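# Structural characterization, general
Chain by chain, the residues run as shown.
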Amino acid sequence: MSELPEPMELHCRLSREQMAQALKVRDSGNQVFWGYVGAGAAVVLGLSALLIFKSDWGLSPEAGIFLFLGAALSAGMSAALLAMHRKGVIEQEMAWQAQDGGYWLRFGPEGIEQRGALVEWRGRWSLLREVRAMGQSTALLLDRGLILVPNGQLPEGTSPEKFRAALIAWKEAA
């Protein structure tokens, strides 16, 4: 067995853009939910088309148009509410980070540790589902969350590739 990398400690601060990117990545992992949304949209679109073009059901074509417009309005309102919720989450996270001064992370054979004035968390490597390169950051997708580590805040002399390789080595050894 090869020797495991030395533990790494770093201090991070995320920008608003990085925080938004982290939320987008975290939410994209819910494929079952988005599958249901897509299936629902297909059913509403199909039913609307049937109501518009199938006159022998005894309904006017306007019923299909109203169904489609109602569904479109509902989808638009839901998207606006989701965007407002995301903005609120980002604002809250930025306020916590400002109060905390960022967050301290430690990665090593025993797992992942995150600390700050408001957060203290320790997790085993079994919680890590995926390590993903994301532009200027590395995302650690956990069973119930995500840790985003900006490349510019890695320990001196540690490349993003070396960092991701170390994370994978610790996970595989656990």
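Before reading on, note that the structure itself is shown above.
Below, the structure is looked at part by part.

Locating L128 in the fold gives a position in strand 5 (residues 128-134). Between the C-alpha atoms of L128 and A79, which are 49 residues apart in sequence, the distance is 30 Å. Discounting chain neighbours no more than four positions away, the residues touching L128 are L140, L141, L142 and K171.

When strand 6 (residues 137-142) meets strand 7 (residues 145-150), the two strands line up antiparallel, connected through six bridges. Directly across from L140, in strand 7, lies its bridge partner I147. Between strand 6 and strand 7, which pair antiparallel one after the other, the connecting turn spans two residues.

This part covers the packing of aromatic side chains. Per the counting criterion, the structure on display carries two aromatic pairs. Where W125 meets W170, the ring centres are 5.9 Å apart and the plane angle is 25°; that geometry is what we call stacked. Of this pair, W125 sits in the loop between strand 4 (120-123) and strand 5 while W170 sits in helix 4 (residues 160-173), and the two are 45 residues apart along the sequence. Residue W125 is classed as buried on the basis of its relative accessible area of 2%. We classify W170 as buried; its relative accessible area is 0%. When the ring centre of W104 is taken as reference, the NZ or CZ atom of R115 above it lies at 3.9 Å.

Turning next to the sheet that holds strand 4. Spatially, 1-2-3-4 is the arrangement adopted by the four strands of the open sheet, whose pairing is antiparallel. Edge positions in the sheet fall to strand 1 (8-12) and strand 4, since each of these pairs with one other strand and no more. Averaged over all adjacent pairs, the angle separating strand axes in this sheet is 10°, with direction ignored. Strands strand 1 and strand 2 (103-108) of the sheet are contacted by helix 4, whose axis makes an angle of about 60° with strand 2.

Moving on, we come to the nonpolar core. L105, F107, L140, V149 and L167 are the most contacted members of the largest nonpolar core, which totals 30 residues. Taken together, the elements giving at least two residues each to this core come down to strand 1, helix 1 (16-28), helix 3 (61-100), strand 2, strand 5, strand 6, strand 7 and helix 4. Those residues in contact with L167, other than ones at most four positions away along the chain, are F107, W125, V131, T138 and L140.

Attention now moves to the sheet that holds strand 6. Within the open sheet, the three strands sit side by side as 5-6-7. Their pairing is antiparallel. The two strands at the open ends of the sheet, each matched to only one other strand, are strand 5 and strand 7. Taking the axes of each pair of neighbouring strands and ignoring which way they run, one obtains an average angle of 15° across the sheet. Together, strand 5, strand 6 and strand 7 form the strand contacts of helix 4, whose direction differs from that of strand 5 by roughly 170°.

About the thresholds
- Residues numbered from 1 in each chain as written.
- Predicted model: local features only at pLDDT ≥ 70, side-chain atom pairs only at ≥ 80, totals over all residues.
- Heavy atoms only, no water.
- Helix = DSSP H or I, 4+ residues; strand = E, 2+ residues; numbered from the N terminus.
- Contact = heavy atoms within 4.5 Å.
- Pairing = 2+ DSSP bridges.
- Phe/Tyr/Trp six-rings, centres within 6.5 Å; stacked < 30°, edge-to-face > 60°.
- Buried < 20%, exposed > 50% of the residue type's maximum accessible area, 1.4 Å probe, protein only.
- Lys NZ or Arg CZ within 6 Å of the ring centre and 35° of its normal.
- Axes fitted to C-alpha atoms, helices over the stretch in contact; angles between N-to-C directions.
- Core = buried A, V, L, I, M, F, W, Y, C linked by side-chain atoms within 4.5 Å.

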